[in-house]
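Structural features, examined
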There are 2 protein chains.
Amino acid sequence: MRIAVDIMSGDNSPEKLINGVLRAAADFGVEIALIGDKAVVEQYSDEAKGIYPFPSEGVVTMEDDALAAIKEKENSSMGHGINLMKSGEADAFVSPGNTGALLSAASIKLRRVKGIRRAAIGTVVPLDKPFIMVDAGANIDVLPENLCQFGYMGSLYAEKVLGVDKPRVALLCNGTERTKGLPVTKAAYELLETAGLNFIGNVESRELPFGCCDVLVCDGFTGNIALKLIEGMGKFMSNTINGIFRRNLLTKLAYLPCRRNIKALKKRMDAREAGGAPLLGVAKPVIKAHGNSDDVCIYNAIRQAKVYTEAGIISEFEKKFGRSDTDGTQNGVSSAD
Amino acid sequence: MRIAVDIMSGDNSPEKLINGVLRAAADFGVEIALIGDKAVVEQYSDEAKGIYPFPSEGVVTMEDDALAAIKEKENSSMGHGINLMKSGEADAFVSPGNTGALLSAASIKLRRVKGIRRAAIGTVVPLDKPFIMVDAGANIDVLPENLCQFGYMGSLYAEKVLGVDKPRVALLCNGTERTKGLPVTKAAYELLETAGLNFIGNVESRELPFGCCDVLVCDGFTGNIALKLIEGMGKFMSNTINGIFRRNLLTKLAYLPCRRNIKALKKRMDAREAGGAPLLGVAKPVIKAHGNSDDVCIYNAIRQAKVYTEAGIISEFEKKFGRSDTDGTQNGVSSAD
């Protein structure tokens, strides 16, 4: 298996990512197509270790308009990665770049799985017990059918990649009763109930830190806000804990017996450990790594890309949604493209 | 000033609330109309201390349908409180009961301020620097005009009750750029910009714990999810900190020098300290206390009711929105009723 890795378009310099890539190549037994500025990729490539250089020109920035970037920056690290996927030179692609551009490029050039109406970002949220949130920001406005498909894709991902048996799929809502929520939420509830999933109904956000579900279905607007709030509260918590111990000499001493617990906690809360976010519904495996990726994050995103590819999830999506082109609906999952 | 207090319809027994009411009467120099079951209110009333009994029959439960409750439970503690407001026997009303029922009863029987199209729940979120979220759950679907009015009401509340000079009003969004968000968010951005407020644009939820704004404008669906997530993450954080120190004898000893900091933090995070949520836009002062209110919470909610009433905020709303009936729009704030 060859995994293409864009080491240029994150917030950090390629040098901060490269160790993660080298470790991943060694640990996971995959070939790496290292995409980036010529000097960098040639310096770090090592064919004996399965790391091949793919020089690119320029980057898609975080500010670039998604559609303009696809057209105008075809030779950028991101554009090059998408092209390697299209030509079959790579089996999976990992990029820490502009989410909108990556999703648009992937959806347009690699296409969506037939029958899946909207690709979505599936983000694994760490906390006490990880869950996958679908959608975490790609689809600002959604139809009930989209939410139902998100539930299905998230469930399969949780089962095959996170190793959860019969994943509990829940709908993010402002109340647990089925009568709560926006019209789209209520309609999605009905569809999810008959979609053949282990659907447990609506969940309230206050339960999210306590392992209330394995798959959290939501629109991209709400999901993005929930995700960033978890991130912000996590940072707030980390600052707070540091503040407690930094106050004076005694509290600094008090840190010593607690430090192992604190480190374990921080690791558990660390989004970097969860890797990146699969672009669910895209016809080939693309993983969006965190924009602020470092070597740990890119290492885990490569692991994830490998598992996602090997698990054959995309062909399962094809079986589920592609098959039903004739009748338009299957188990409550509408599949018109 | 006489403040009506419903001590029956929260999750806790009236006995758990009563101390807060007694302390509030003593500390704030207000009269209390104590509403609840006859035996209880008669036991705790004390005319010398300005606490008068108002026996009621039954309660609106958390499960009751809002509109049915208003019709069928007029003599309940909540219904009685609303009636005391209507008849002018009380100047403000505090209730920990069913939010939907309280809001509906207040909107229908006490009416909204003329020109305000939707009443909203304004919840003060503690964290590092408190901010008021409007709407925290009353209006699931909103128009841009509603959001703009929420911004105005929240701003005045932050200024007069929270004591913030030129409150920074922000719109909760999935990105800071004005082009981000739902169609309703984008349209509200335009209105808020010209509403004569200190509007600072969109904020992302990850900044909320760090004092990024004084007034957070959002629809009730998103607001409710954000609010409950902050609550859940706060609880998660508190559990986590306890877990760090409870591990073994050494960590238990380590707690000692840290305990003052930890207690200060918990107090700062404690929603009870912030009091309750004003029903902004209702023509008379009504404060929704937390359903799980205890004596601290009800004490603070009474303080808040007093300040809200004294500050004359509602008559400011009337001046702002009532006046513009003729032209329909004023500073971007549409005011048709």
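Position numbers for residues start from 1 in each chain and track the written sequence from start to end. As a convention, the first chain written is A and the first ligand written is 1, with the rest following in written order. Side-chain atom pairs in this predicted model are given and counted only at pLDDT of 80 or more, local residue features only at pLDDT of at least 70, and totals for whole chains, interfaces and linings cover all residues.

A few points about the overall build of chain A
Note the threshold: Helix and strand definitions here come from DSSP, where helices need a minimum of 4 consecutive H or I residues and strands a minimum of 2 consecutive E residues; each element is numbered from the N-terminal end. Throughout, the radius of gyration refers to the C-alpha atoms, and the reference size of a globule is 2.2 Å times the residue count to the power 0.38. Our exposure labels follow a C-beta count within 10 Å of each residue's own C-beta, placed from the backbone: buried means 20 or more other C-beta atoms, exposed means 12 or fewer, and partly exposed covers the counts in between. What counts as a contact is two residues whose backbone-derived C-beta atoms lie within 7 Å of each other.
Secondary structure summary: chain A contains eleven helices and 13 strands in total. The C-alpha radius of gyration computed for chain A amounts to 20 Å, which stays within 12% of the reference 20 Å derived for 337 residues, consistent with globular compactness. In terms of overall dimensions, chain A has C-alpha extents of about 60 × 55 × 35 Å along its principal axes. Looking at chain A as a whole, 55% of its 337 residues are labelled buried. In chain A, once contacts between residues fewer than 6 apart in sequence are set aside, the share between residues at least 24 apart is 70%.

Notes on the domain arrangement of chain A
Residue and element names in this part refer to chain A. Under the convention used in this document: Domain segmentation is taken from an automatic or database assignment of domains. When residue character is reported, Ala, Val, Leu, Ile, Met, Phe, Trp, Tyr, Cys and Pro are called nonpolar, Asp, Glu, Lys and Arg charged, and the others, Gly included, polar.
Annotation of chain A at the domain level lists domain 1 (1-116 + 281-337) and domain 2 (122-273). Summarising the inter-unit geometry, the C-alpha centres of domain 1 and domain 2 are found 24 Å apart. Facing the 21 residues of domain 1 at the interface are 18 residues of domain 2. Listing elements by their share of the side of domain 1 that touches domain 2, those giving two or more residues are helix H5 (99-110), helix H10 (295-310), helix H11 (313-322) and strand S13 (333-334). If you tally residues by element for the side of domain 1 that touches domain 2, the top one is H10, at six residues. Considered class by class, the residues forming the side of domain 1 that touches domain 2 number ten nonpolar, eight polar and three charged.

What about the sheet that holds strand S8 (residues 199-203) of chain A?
Residues and elements named next belong to chain A. Under the convention used in this document: Only strands joined by at least two bridges in the DSSP assignment are considered to pair. Fitting a line to C-alpha atoms yields each axis, with helices limited to the stretch in contact; the angle taken between N-to-C directions then spans 0 to 180 degrees.
Taken in spatial order, the eleven strands of this open sheet run S3-S2-S1-S4-S11-S10-S5-S6-S9-S7-S8, and their pairing is mixed. Edge positions in the sheet fall to strand S3 (51-55) and S8, since each has one partner strand and no second. Shown here is a sheet whose adjacent strand axes are inclined to one another by a mean of 25°, direction ignored. Direction of pairing for strand S7 (residues 169-172) relative to strand S9 (residues 215-217): parallel, over a ladder of three bridges. Bridging across to S9, Val 169 finds its partner in Val 215.

Some details on the sheet that holds strand S11 (residues 286-288) of chain B
All names here are of chain B. Across the sheet, eleven strands lie side by side as S3-S2-S1-S4-S11-S10-S5-S6-S9-S7-S8; this open sheet has mixed pairing. The strands lining the two open edges of the sheet, one partner per strand, are strand S3 (51-55) and strand S8 (199-203). Within this sheet the neighbouring strands show an average axis-to-axis angle of 25°, counted without direction. In the sheet, strand S6 (residues 131-134) pairs with strand S9 (residues 215-217) via three bridges, with the strands oriented parallel. Each residue of the ladder has a partner; that of Met 133, found in S9, is Leu 216. Sheet contacts for helix H4 (residues 77-87): strand S1 (2-6), strand S2 (31-36), S3 and strand S4 (92-95); angle to S1, the most-contacted strand, approximately 165°. Sitting on the sheet, helix H7 (residues 183-193) touches strand S7 (169-172) and S8, and the angle it makes with S7 is about 170°.

A closer look at the relation of the copies chain A and chain B
What counts is decided by this rule: The copies were overlaid with a least-squares fit restricted to C-alpha atoms from residues scoring a pLDDT of at least 70 in each copy.
The two copies are related by a screw motion: chain A maps onto chain B through a turn of 180° and a shift of 0.0 Å along the axis, at an RMSD of 0.0 Å. The superposition of one copy onto the other is thereby described by a two-fold rotation axis. In terms of C-alpha distance to the rotation axis, chain A has A:Ala254 as its closest residue, with the C-alpha 2.2 Å off the axis. Of all interface residues in chain A, 100% are interface residues in chain B too; the two copies therefore contact each other through one and the same surface.

Overview of the nonpolar core
As a reminder of what qualifies: Joined through C-beta atoms within 7 Å, a set of buried Ala, Val, Leu, Ile, Met, Phe, Trp, Tyr and Cys residues constitutes a nonpolar core.
Grouped together as the largest cluster of nonpolar side chains are 224 residues, with contacts concentrated most on A:Val5 and B:Val5. If near-sequence neighbours (up to four positions away) are discounted, B:Val5 is found in contact with B:Val21, B:Ile32, B:Ala33, B:Leu34, B:Ile35, B:Val94, B:Ile298 and B:Ile302.

Some words on the interface of chain A and chain B
The partner chain B presents 38 residues to the 38 residues of chain A that form the contact. Within the residue set of the side of chain A that touches chain B, elements represented by two or more residues are helix H8 (220-245) and helix H9 (249-269) of chain A. Here the side of chain A that touches chain B gets 17 residues from one element, more than from any other, and that element is H8(A). Partitioning the side of chain A that touches chain B into residue classes produces 22 nonpolar, nine polar and seven charged.

A closer look at the environment of A:Ser45
Residue and element names in this part refer to chain A. Turning to its location among the elements, Ser 45 is positioned in the loop between helix H2 (38-44) and S3. Residue Ser 45 is classed as partly exposed on the basis of its C-beta count, with 18 C-beta atoms lying within 10 Å. In this structure the C-alpha to C-alpha distance between Ser 45 and Leu 22, which are 23 residues apart in sequence, comes to 9.1 Å. Every residue in contact with Ser 45, bar those within four places of it in the chain, is listed here: Leu 34, Ile 51, Tyr 52 and Pro 53.

So, helix H5 (residues 99-110) of chain B
All names here are of chain B. Convention followed: Working rule for helices: expected span equals 1.5 Å times residues minus one.
The first and last C-alpha atoms of H5 sit 15 Å apart over twelve residues, in line with the 16 Å expected at 1.5 Å per residue. Where H5 is buried, its residues touch helix H3 (66-72), H4, S4, strand S5 (120-125), strand S10 (277-280) and S11. Following H5 by one or two positions, Arg 111 adopts a phi angle in the positive range, close to 70°.

Some remarks on the pairing of strand S4 (residues 92-95) of chain A
Residue and element names in this part refer to chain A. Side chains Ala 92 and Val 94 project from S4 onto one buried face, and the interleaved Phe 93 and Ser 95 project onto a second face that is buried too. In this structure, strand S1 (residues 2-6) lies alongside S4, joined through three bridges in parallel fashion. Bridging across to S4, Ile 3 finds its partner in Ala 92.

A look at the pairing of strand S6 (residues 131-134) of chain A
Residue and element names in this part refer to chain A. The alternating pattern of S6 places Phe 131 and Met 133 and Ile 132 and Val 134 on opposite faces, both of which are buried. Bridging between strand S5 (residues 120-125) and S6 involves four bridges; their strand directions are antiparallel. Bridging from a neighbouring strand, Val 124 pairs with Ile 132 of S6. The antiparallel hairpin formed by S5 and S6 contains five residues in its connecting segment, where Leu 127 sits at a positive phi of about 50°.

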